[in-house]
Amino acid sequence: MASYEMVVGLEVHAQLATESKLFCSCPTDGFGAPPNSRICPVCTGQPGVLPVLNRRAAELAFRAAAALGCRIAPLSIFARKNYFYPDLPKAYQISQYELPFSEHGGLEIRDKEGHTQRVRIHRIHMEEDAGKLLHAVGSEKLDYSLVDFNRAGTPLVEIVSEPDIRSSDEAYAYLTALKEILQYAGVSNCNMEKGEMRCDANVSLRPVGAEKFGTRAEIKNLNSSHNVKLALDYEFARQAEILDSGGRVVQETRLWDAERGATASMRSKEEAHDYRYFPDPDLLPLHADAAWVERVKASVPELPAQRRARLASEFGLSDYDAEVLSADKDLGDYFLAAKPEKAFAKTLSNLMTSELLARLNAENLPKAEAQGKIKPGILAELAQVVAEGKISSKIAKEVFARLWDGKMAGPDAHGGIMAAIEKQGLAQVSDEGQIKAWIEEALAANPKAAEDLRGGKERAAGSIVGAVMKLSKGKANPALVNRLIKEAVKA
Ligand SMILES: [Zn+2]
């Protein structure tokens, strides 16, 4: 099997983050709502109705194209893709075919070692979603099907990559990068559990070193990045076995069955002419005014790769920290809202990637809620006093927990965070008398270490320092502890 190379192209459908559907004013919040409660004559294909393009959807679609470095066409055409299926009320889907609104872009993917590679994007077009068939109600299987049109007419962009992907890991990295970009740009929420991002994969194999592509299978029903990876690995093994035994891979559409962990043949692949595409006579050609396109381009915010680079250069963060903080826009926004100085940016990043992320995960909160729990400016102050050695990182953890749990008032105008920490009795102890008393106690409790230390073995100091920190509940000033221990054993 090692003699084959996987060639993969991905088609990703992403739901545009609009409030209403692509060609009518029905709301797009139908996920989980009662069936057929978000429908009208337009999105259910009643006779005599006319579609009207949602301007916001077009804006977001064009923004996606700009964020993915695609060329934007001044003129694009909506086309009817004809097929009969009960989830499609008009018996055609409004899509774009010959003239999509954008083509020829790409994005960078990174592997675990940080190597980057470009995956080209062939085209992006707008289209409407279909409805959803239900074959069961709760656990009861039906011997008929029900149809829910809440999703019908929901605005989508279909993002078609070139076949530049060579492994299931690369496919996973591509989906991760694409999702980050679309979320950053505010184009789509990309919540795969809600079906806001779905993926089909074209997979073929060719002998390593060969130029010519093999016959491909299209895998449908991939509703998570994890399933994409599993399905590609399965498909690689299946096609390799066919080729090894001298057989031919059939061009077909296969369905991924997550429960069985296998793909199964669904139908022989349609050719485009099976869909009898033609321009939709109910919709005008879409002319993208140059000034409007410029405004859309200008609305693309800083994207993940740019932010990652900025966090490293402007704040001196490591590649790893910059990666973690830029992977989620809300997390990066928190860091930037804290406006850390370079001197304590690393400490702030540590507090965020350890304490903050741990609490968000433990309480299953979205990253956006972090600002409501602890204001970024306050966490920055905490990071600063840690970096300046005013409190230990152990106390910082305790302060963090109290701030998060609302057990400690945030610092106010009087005195900042140190005053608040002192009020809680968590401030560092620099009282020499108190520290000397702890040292005496620690020496008495650790006679072996005390003897070693008096005999000049300086390494023994560590256990005494540890004992003093324990006695002081982490509050003793470490520099002072070190100095006073030396004095104590000399005496
Ligand atoms: Zn509608």
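Here the residue numbers are simple positions, counted from 1 along each chain's written sequence. Predicted model: local features are reported for residues with pLDDT of at least 70 only, side-chain atom pairs are reported and counted for 80 or more only, and whole-chain, interface and lining totals are derived from all residues. Values reported for side chains reflect all heavy atoms of the structure, with hydrogen atoms and water molecules removed beforehand.

Points about the overall build of the protein chain
The helix count covers DSSP runs of H or I at least four residues long, the strand count covers runs of E at least two residues long, and both are numbered beginning at the N terminus. Of regular secondary structure, the protein chain possesses 16 helices and 16 strands. Every radius of gyration here is taken over C-alpha atoms, with the globule rule written as 2.2 Å times N^0.38, N being the number of residues. Its C-alpha atoms give the protein chain a radius of gyration of 30 Å, clearly above 23 Å, the size a compact globule of 491 residues would have. Structurally, the protein chain occupies a C-alpha span of about 95 × 60 × 50 Å along its principal axes. We call a residue buried when its accessible area falls under 20% of the maximum for its residue type, exposed when it is over 50%, and partly exposed in between, using a 1.4 Å probe and counting protein chains only. Within the protein chain, the fraction of its 491 residues that count as buried is 48%. In the protein chain, the proportion of contacts linking residues at least 24 apart, taken out of those at least 6 apart, comes to 68%. Accessible surface for the protein chain amounts to roughly 24700 Å². Of this, 52% is attributable to carbon and sulfur atoms. For the protein chain, the distance from the average site of its 63 positive side-chain charges to the average site of its 68 negative ones is 3 Å. Any pair of residues with heavy atoms lying within 4.5 Å of one another is described as a contacting pair. To be clear on the numbers: accessible area is Shrake-Rupley with a 1.4 Å probe, and residue cover counts the displayed protein chains and nothing else. Positive charges come from Lys and Arg, negative ones from Asp and Glu, while His and the chain ends are left out of the count. Note that the charge is assigned to NZ on lysines, CZ on arginines, CG on aspartates and CD on glutamates.

Side note on the coordination of the zinc ion
Metal donors were taken as nitrogen, oxygen and sulfur atoms no farther than 2.8 Å from the ion, or 3.2 Å where the ion is Na, K or Ca. Water is excluded, so coordination may look unfinished. With distances of 2.3 to 2.4 Å, the protein atoms coordinating the zinc ion are C24 (SG), C26 (SG), C40 (SG) and C43 (SG). Tetrahedral means four donors with every angle between 85 and 135 degrees, whereas square planar (four donors) and octahedral (six donors) require angles over 155 degrees between opposite donors and between 65 and 115 for all others; sites fitting neither are termed irregular. Classification of the site at the zinc ion rests on its four donor atoms, whose angles at the metal span 100 to 114 degrees, yielding the label tetrahedral. Motif for the zinc ion, donor spacing along one chain: C-x1-C-x13-C-x2-C. Of the two residues, C26 sits in the loop between β1 (4–15) and α1 (55–67) while C43 sits in the loop between β1 and α1, which places them 17 residues apart along the sequence. For the pair C26 and C43, one class covers both residues: buried.

Digging into the packing of helix α5 (residues 304–315) against helix α6 (residues 319–327)
Packing of α5 against α6 brings their axes to within 9 Å, and their N-to-C directions diverge by 140 degrees. The angle between α5 and α6 places the two elements in the oblique class. Note on packing geometry: the crossing formed by α5 with α6 is right-handed. Facing P304, R307, R308, L311 and A312 of α5, the residues of α6 in contact are A322, E323, L325 and S326. Here the contact of α5 with α6 is built from residues that sort into five nonpolar, one polar and three charged. Simply put, an axis is a line fit to the C-alpha atoms, just over the touching stretch for a helix, and the angle between two N-to-C directions goes from 0 to 180 degrees. Roughly parallel covers angles under 35 degrees, roughly antiparallel covers those over 145, roughly perpendicular covers 65 to 115, and oblique covers all other angles. In this scheme the handedness of a crossing depends on how the near helix is turned from the far one: anticlockwise by less than a right angle means left-handed, clockwise means right-handed. Lys, Arg, Asp and Glu make up the charged group, whereas Ala, Val, Leu, Ile, Met, Phe, Trp, Tyr, Cys and Pro make up the nonpolar group; the residues left over, Gly among them, are polar.

With respect to the domain arrangement of the protein chain
Either an automatic procedure or a domain database provided the assignment from which the domain bounds are taken. By the assigned domains, the protein chain splits into domain 1 (4–296), domain 2 (304–423) and domain 3 (432–490). For domain 1 and domain 3, the distance between their C-alpha centres works out to 66 Å.

Structural notes on the packing of aromatic side chains
Stacked, tilted and edge-to-face are the three classes applied to pairs of Phe, Tyr and Trp rings, where Trp contributes its six-membered ring and a pair requires centres within 6.5 Å; stacked means planes under 30 degrees apart, edge-to-face means over 60, and tilted covers the rest. Taken as a whole and judged by the stated rule, the model has nine aromatic pairs. With a centroid separation of 5.9 Å and 20 degrees between ring planes, the pair formed by F400 and W404 is classed as stacked. Pair noted here: F400 and W404 are both in helix α11 (residues 393–404), with a separation of four residues, about one helical turn. An identical accessibility class is assigned to F400 and W404; each is buried. Over the face of the ring belonging to Y275 we find K81, whose NZ or CZ atom lies 4.5 Å from the ring centre. Any Lys NZ or Arg CZ that is within 6 Å of a ring centre and within 35 degrees of that ring's normal is treated as a charge sitting over the ring.

Examining the pattern of salt bridges
The salt bridge criterion pairs a side-chain nitrogen of Lys or Arg with a carboxyl oxygen of Asp or Glu, the two atoms within 4 Å. Counted under the stated rule, the structure contains 35 salt bridges. Across the pair D164 and R120 runs a salt bridge whose closest N-O atoms are separated by 2.8 Å. Here the residue D164 occupies a position in the loop between β10 (155–161) and α2 (168–184), and R120 occupies one in strand β7 (residues 116–128), the gap between them amounting to 44 residues. On the accessibility criterion, R120 (42% relative accessible area) is partly exposed. Connected via shared salt-bridge partners are E302, R307, R310, E314, K329 and D333.

Let's talk about the sheet that holds strand β4 (residues 78–82)
Only strands that DSSP links by at least two bridges are regarded as paired with each other. Sheet architecture is open: three strands sit in the order β5-β4-β15, paired in antiparallel fashion. Strand pairing shows two members of the sheet lacking a second neighbour, β5 (92–96) and β15 (278–279), which therefore form its edges. Examined bridge by bridge, β4 and β15 share two bridges and lie antiparallel to one another. What sits directly across from R80, in β15, is F278.

Section: the confidence of the model for the protein chain
What pLDDT reports is the predictor's confidence in each residue, on a scale of 0 through 100. In this model, the protein chain carries an average pLDDT of 90, and 97% of its residues clear a pLDDT of 70 or more. Looking across the protein chain, the model is least confident in helix α12 (residues 416–423), with a mean pLDDT of 78, and most confident in β10, with 98.

Some words on the sheet that holds strand β11 (residues 197–207)
Within the open sheet, the nine strands sit side by side as β2-β6-β7-β10-β1-β11-β12-β13-β14. Their pairing is mixed. Each having just a single partner strand, β2 (71–72) and β14 (262–268) make up the two edges of the open sheet. The sheet contact formed by β1 and β11 spans 11 bridges and is antiparallel. Its bridge partner lying in β11, A14 is registered against M197.

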